[in-house]
Amino acid sequence: MINPNPTPTRRSLRLVTITMLTVSIAVTLTVLLHLALVSHFAHQQARKEAQLRLQQLSWQMRDSLNRVTNNAIVTVKLLAELPQVRSYDKPDATRSVLESIQREVADYAWIGVADADGKVRAATGRMLEGVQVEARPWFQAGLKGAHATDYHPALLLNKLLPKAADPWRFIDMSAPLKGADGQARGVVGVHMSWQWARNRARQLLTPALREYGAEVLVVRADGTVILGPEQLVERKLDSTSLHLAQAGRTGSVREEGPDGKVYLTGYSRTGTAGDPATLQWAVLVRHTEDAALADARALEHRMIVLSVLMALVLAGCAALLARRLTRPMDALSGAIEQAVHATRAGGRADEIPVVDGFHEAQVLSHAMRELVRSEEAHRSALETMNQQLESTVAARTAELQALLLHDALTGLPNRRALMQTLPDAMRRAARAGKPCALLFLDMDGFKGVNDTHGHEEGDELLRQFGARLCEAVRTTDLVARLAGDEFVVVLEGLSDEQDAHEKANSLLELLRQPYALRRASVTVGASIGVALHRPGDAHDLDAWLARADGAMYAAKRGGKNAVALAA
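Since we're looking at a predicted model, the values are computed, not measured.

Overview of the sheet that holds strand β1 (residues 108-115)
Thought 1: Read across the sheet, five strands follow the order β2-β1-β5-β4-β3 without closing on themselves; strand pairing throughout is antiparallel. If you trace the sheet from one side to the other, it starts and ends with β2 (120-123) and β3 (147-153), each paired once. Averaged over all adjacent pairs, the angle separating strand axes in this sheet is 25°, with direction ignored.
Thought 2: Pairing geometry for β1 and strand β5 (residues 184-193), over seven bridges, is antiparallel. Bridge assignment links Trp110 to a residue of β5, and that residue is His191.

Let's talk about the environment of Asp444
Thought 1: You can see Asp444 is positioned in strand β11 (residues 436-444).
Thought 2: Here Asp444 falls in the buried class, since its relative accessible area comes to 7%.
Thought 3: Residues Asp444 and Val524, 80 residues apart in the sequence, show an inter-C-alpha distance of 5.9 Å.
Thought 4: Setting aside anything within four residues of it in sequence, one finds Asp444 in contact with Val524, Gly525, Ala526, Ser527, Lys556, Lys560 and Asn561.

Quick word on unusual backbone geometry
Thought 1: Although it is not a glycine, Lys560 sits at a positive phi angle of roughly 65°.
Thought 2: Summarising the element assignment, Lys560 is placed in the loop between α15 (541-557) and β17 (563-565).
Thought 3: Given the relative accessible area of 45%, Lys560 is considered partly exposed.
Thought 4: One non-glycine residue, Asn561, lies in the positive phi region at around 50°.
Thought 5: Within the secondary structure, Asn561 is located in the loop between α15 and β17.

Quick notes on the pairing of strand β12 (residues 478-483)
Thought 1: With five of its six residues buried, β12 lies for the most part within the structure.
Thought 2: Two elements, β12 and strand β13 (residues 486-491), share five bridges in a ladder whose sense is antiparallel. The residue bridging Leu478 from the neighbouring strand is Val490, located in β13.
Thought 3: Taking the residues that link successive antiparallel strands as the turn, the β12-β13 hairpin has two residues, and the phi of Gly484 there is positive, at about 55°.

Description of the pairing of strand β9 (residues 262-269)
Thought 1: Buried residues dominate β9, accounting for six of its eight residues.
Thought 2: Relative to β9, strand β8 (residues 251-256) runs antiparallel, the two being bridged by six bridges. Paired with Val253 across the two strands is Thr265, which belongs to β9.
Thought 3: Counted along the chain from β8 to the antiparallel partner β9, the turn is five residues long, and its residue Gly260 has a positive phi close to 85°.
Thought 4: In this structure, β9 lies alongside strand β10 (residues 282-288), joined through seven bridges in antiparallel fashion. Considered in β10, the bridge of Tyr263 is made with Thr288.

Reading the values: rules and limits
- Residues numbered from 1 in each chain as written.
- Predicted model: local features only at pLDDT ≥ 70, side-chain atom pairs only at ≥ 80, totals over all residues.
- Heavy atoms only, no water.
- Pairing = 2+ DSSP bridges.
- Helix = DSSP H or I, 4+ residues; strand = E, 2+ residues; numbered from the N terminus.
- Axes fitted to C-alpha atoms, helices over the stretch in contact; angles between N-to-C directions.
- Buried < 20%, exposed > 50% of the residue type's maximum accessible area, 1.4 Å probe, protein only.
- Contact = heavy atoms within 4.5 Å.

Take it as geometry only, folks, not as evidence of what the structure does.
Here you go:
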């Protein structure tokens, strides 16, 4: 009897719903993880590249400042040695020399010569001639020696020079004029306009960097900004990058500015500590972190949009695929439900149709089971054959590799092996902080042995020569035969160039000992070229070999049986 009030069954989720949810969750998690990783590494990479770029700009500005100030101090020293300048009793001749220098360097706003009492005797454009400048710092410092006077406003020259868009600011270079007795009889001084520094800062900042808000700051030792944004010029600055630069360090740093913004700043310092002829300024190049990460954040936003679109497309594809896979099951479940309802109503249930898939799945399952068993047997046999084949190939490969990397006559490593080993020796030298040496040996007298005693005796001599080299060096060193009677020894863990030279001489003594061949006893020598590779040298194999080869030929030209060091 059929129960008229059957207990309702719990309705389970459909396969299409489960598939869509699974795909959507998987895609969402994948996208979130991908975004997190890309965001982290993109931001990190953008920050590193920005800091490196700012550090390089700081170096460029530092080098430019050093170059200009060095050129100026050299110019002042040269002027101090010129007879026309040292003998300022003829002002016209002295002024002519000074003005010719000023015409060549437009940034020299004023060049003058003052006598020992501080009176200007000759100057470009006759400016300040006859004026007493004994109280000026450049004059007082110049009496003692070559000196660079730091950034300062124009005082005496402010009213004499033409009006400019920016206020006149100078750095001064001065040097003593010494008489025949070696005493200072005056001072020559150059006032350099600060405009050259402003122009260089503008040239360094490309339009793209200016768009990012990049700024170049030059800061005096007392923390006063002498070049930079208008609102900071001639004001005090206190920052981490400034302290690092003033300590003589170079690099880049992430720091918070006085305006509350986070900056990426490259820093360096000009001049040489303790040298009065140079100026120690801190050079800072910075822009905000937000500007540095703008492109990375834009990429992140684009990825979010594309990821959402991809998730939607994949969810739709998953729904279509699930419906296609579940259609046979839906047809079967529909036929079963119709039969149940017909039975409950007391009617005759329609015959359940044959659903494609159930019978085929049953048949296919049996066929697949046999197929898998057969496949397993075949795979097992193939794996056994493959293992045997791999073992054979590996053995043959090892034999061929040994033949390719060793000299057939002496058994020593050949040129190919040497070229593969040299980069490792360079890297080990860099890690250990100790130099390594390349000894290029060419046997002296081999041709005579070969011609007199025959090729078999010559071959035996080559074998004994190589064996003697191997016995004379450490197991960690390398002996290789390049070709003919040319050999190479790589010595590692050396202390200095003298160490390499001594080891080469000890080898030379050993190689001069007689060789007992099959039918004769012979004595030969060797010409040895030594090329040192220090930890900081470039990794250039060809150049290293060429230096050693050149040194070897120098030893031969010097009379053979000798050791020559490469320059």
